[in-house]
Amino acid sequence: MSVLDVVNAPWAITPDKLREIQAFYSAYLRGEKSDIGAIEDRLGRPLANERKPYILSDGVAVINLEGIIAKKMNLFTQISGGTSTELATQDLRTALADSAVNSIILLIDSPGGTVDGTQALSDQVYAARRVKPIVALASGMMASAAYWIGSAAMAVYISEQTTVTGSIGVVTSHVDMSGAEAQKGIKTTEIYAGKFKRVASAYSPLSDDGRTSIQEQVDYLYSVFVGDVAKNRGVSVDAVLQKMADGRLFTGQQGIEAGLVDGVATLEGLTYRMALAGKSKA
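Below, the structure is looked at part by part. (Residues numbered from 1 in each chain as written. Predicted model: local features only at pLDDT ≥ 70, side-chain atom pairs only at ≥ 80, totals over all residues. Heavy atoms only, no water.)

**Looking at the overall build of the chain**
For step 1, the next point in the chain: Each helix and strand counted, the chain has 12 helices and 12 strands in total.
For step 2, the next point in the chain: Scored against the burial criterion, the 282 residues of the chain give a buried share of 45%.
For step 3, the next point in the chain: If you take every contact in the chain between residues at least 6 apart in sequence, the share linking residues at least 24 apart comes to 72%.
For step 4, the next point in the chain: Element-wise, carbon and sulfur atoms account for 52% of the exposed surface of the chain, whose accessible area totals about 14,200 Å². (Helix = DSSP H or I, 4+ residues; strand = E, 2+ residues; numbered from the N terminus. Buried < 20%, exposed > 50% of the residue type's maximum accessible area, 1.4 Å probe, protein only. Contact = heavy atoms within 4.5 Å. Areas by Shrake-Rupley, 256 points an atom, 1.4 Å probe, with all protein chains shown as cover.)

**Details of the pairing of strand 6 (residues 103-110)**
For step 1, the next point in the chain: Counting buried residues in strand 6 gives 7 out of 8 residues, a clear majority hidden from the surface.
For step 2, the next point in the chain: When strand 3 (residues 60-66) meets strand 6, the two strands line up parallel, connected through 7 bridges. Looking across to strand 6, one finds that Leu-65 is bridged to Ile-108.
For step 3, the next point in the chain: Bridge count for strand 6 against strand 8 (residues 134-143) is 6 bridges, and the pairing is parallel. The residue of strand 8 that forms the bridge with Leu-106 is Ala-136. (Pairing = 2+ DSSP bridges.)

**Quick look at helix 6 (residues 118-128)**
In an α-helix, one full turn covers 3.6 residues, which means residues spaced three or four apart are oriented alike.
For step 1, the next point in the chain: Here helix 6 has its buried residues at Thr-118, Leu-121, Ser-122, Val-125 and Ala-128. Projected down its long axis, helix 6 shows its buried positions confined to an angular sector of 120 degrees, all on one face. (Arc of directions from axis to C-beta.)

**Side note on the pattern of salt bridges**
When the charged atoms of two side chains with opposite charge come close together, those side chains can pair.
For step 1, the next point in the chain: Inspection of every chain in the model, using the stated rule, returns 4 salt bridges.
For step 2, the next point in the chain: For Asp-123, the salt bridge identified is with Lys-231, shortest N-O distance 3.6 Å. Note that Asp-123 is positioned in helix 6 and Lys-231 in helix 9 (residues 208-233), a separation of 108 residues in sequence.
For step 3, the next point in the chain: Residue class for Asp-123 comes out partly exposed when judged on its relative accessible area of 32%.
For step 4, the next point in the chain: Residues Arg-248 and Asp-246 are paired through a salt bridge, measuring 2.8 Å at the closest nitrogen-oxygen approach. (Salt bridge = Lys/Arg side-chain N within 4 Å of Asp/Glu carboxyl O.)

**Section: unusual backbone geometry**
For step 1, the next point in the chain: At Asp-58, a position not held by glycine, the phi torsion is positive, near 55 degrees.
For step 2, the next point in the chain: Of note in the backbone geometry, Ser-144 takes a positive phi value of approximately 50 degrees without being a glycine.
For step 3, the next point in the chain: Tracing the backbone through its elements, the reader meets Ser-144 in the loop between strand 8 and helix 7 (145-150).

**Focus on the pairing of strand 9 (residues 155-158)**
For step 1, the next point in the chain: Burial of the side chains of strand 9 extends over both faces: Ala-155 and Tyr-157 are buried on one face and Val-156 and Ile-158 on the other.
For step 2, the next point in the chain: In the sheet, strand 8 pairs with strand 9 via 4 bridges, with the strands oriented parallel. Bridge assignment links Ala-136 to a residue of strand 9, and that residue is Val-156.
For step 3, the next point in the chain: Chirality of the crossover, the property in question, places the unit of strand 8, helix 7 and strand 9 among those that are right-handed.
For step 4, the next point in the chain: Taken together, the 2 bridges between strand 9 and strand 12 (residues 263-264) define a ladder with parallel strand orientation. By the bridge assignment for strand 12, Tyr-157 is matched with Gly-263. (Right-handed = clockwise from strand over helix to strand, strands pointing away.)

**Comments concerning the side chain of Asp-228**
For step 1, the next point in the chain: Structurally, Asp-228 is set in helix 9.
For step 2, the next point in the chain: Buried charge without a salt bridge: Asp-228, with Lys-231 as the nearest opposite-charge side chain at an N-O distance of 4.3 Å.
For step 3, the next point in the chain: The residues contacting Asp-228, other than those within four sequence positions of it, are Gln-119, Asp-123 and Trp-148. (Lys, Arg positive; Asp, Glu negative; His and termini not counted.)

**Looking at the nonpolar core**
For step 1, the next point in the chain: The biggest cluster of nonpolar side chains holds 47 residues, and the ones touching the most others in it are Ile-63, Ile-104, Leu-106, Val-125, Met-142, Ile-168 and Leu-260.
For step 2, the next point in the chain: Going through the elements one at a time, strand 3, helix 5 (85-97), strand 6, helix 6, strand 8, helix 7, strand 9 and helix 9 are the ones with two or more residues in this core.
For step 3, the next point in the chain: Here this core gets 8 residues from one element, more than from any other, and that element is helix 9.
For step 4, the next point in the chain: The next biggest cluster of nonpolar side chains, apart from the first, holds 12 residues, and it includes Leu-107, Tyr-157, Leu-270 and Met-274. (Core = buried A, V, L, I, M, F, W, Y, C linked by side-chain atoms within 4.5 Å.)

**Let's talk about the packing of helix 5 against helix 6**
For step 1, the next point in the chain: Packing of helix 5 against helix 6 leaves a shortest axis separation of 9 Å and a crossing angle of 10 degrees. For the element pair helix 5 / helix 6, the angle class is roughly parallel. Facing helix 5, whose interface residues are Thr-85, Ala-88, Thr-89, Leu-92, Arg-93 and Leu-96, helix 6 presents Thr-118, Leu-121, Gln-124, Val-125 and Ala-128.
For step 2, the next point in the chain: Split into classes, the residues belonging to the contact of helix 5 with helix 6 amount to 6 nonpolar, 4 polar and 1 charged. (Axes fitted to C-alpha atoms, helices over the stretch in contact; angles between N-to-C directions. Parallel < 35°, antiparallel > 145°, perpendicular 65-115°, else oblique. Nonpolar A, V, L, I, M, F, W, Y, C, P; charged D, E, K, R; others polar.)

As C-alpha cells, this is what we get:
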C-alpha cells in the first residue's frame, strides 16, 4: 500500500485524529521527511512503541488495544502509538489456547483506525465468546473502529463517567495532487483500462462520478459496520441506526442510555469478578 493509499483509505476513526493522520502523510507526500530524532525530542520520549503481550492476573488475561488501530504497524503508529489488528488477533488466539487463562478483558483506549483489518478482529472477538468469557473495558476512549471491535465482546464497560464511546461511521477523503504538481512543473498522466479504475484519481480534481463511487463505498462499509454492531450487541439494525450510529461521540452515561455500553467498572473490579467466576467454574 502506498502512502497515498493510506491517506485515501476508508477510516473508522474520530475526525480530529483523522486530520492528524492526513496532515502527517500529506507532509510526507510533499517530500517533508520525518526526522525520528526530532520527533523524539519534541515528544520527550523514545519512539519505542513495542508490542506488549497480554498481562495475566489470577486467570484473567488483559489485552491492551491502544492508539490508532491499523492492520499492520507503520511509521505513524510508531510515532503516536497504536495497535495492529493482526498482532492483536495473535494475542487473542494465544490467550484462548492458554490453559492458565479462564477469561479475557480487552482494555481499550483508542479513537479508531482503518476499516481494513477491523472487521476481522471483531469477528475473532465475537467467536471467542463461545470459548472463554470476554469483555471490553473502555479506558478513556473506545470510538469508531475501536468500538467495532469492543462491541463484539460479551459485555462492554466504561471505566468512568468521562469515558467516550461511539463515533460509529466511516470516512474517507480524496487528495487532489494536481495543483501541487503544477507548482513543481510536473504533470502526471495515468494510463489505465476500465472505466472505474481511476475514477477518483489523485492527479486530477474529483469528478462527479468519482464522488459517487467513493460515497457508494463509504455507504457500504457503514452498513457493514452497523450490521456488525447490531449482531454484536444483540439488537436490530434499526435500533443501532436510531440510537447509536449517527457518528456521535457519547460520554459516560450517554453511552449506557444509547445501548453502546452495559455499565461502569474499574479494571481491578472487573478482573476480580471475572477471576472469581472462573474459579467457581473450575
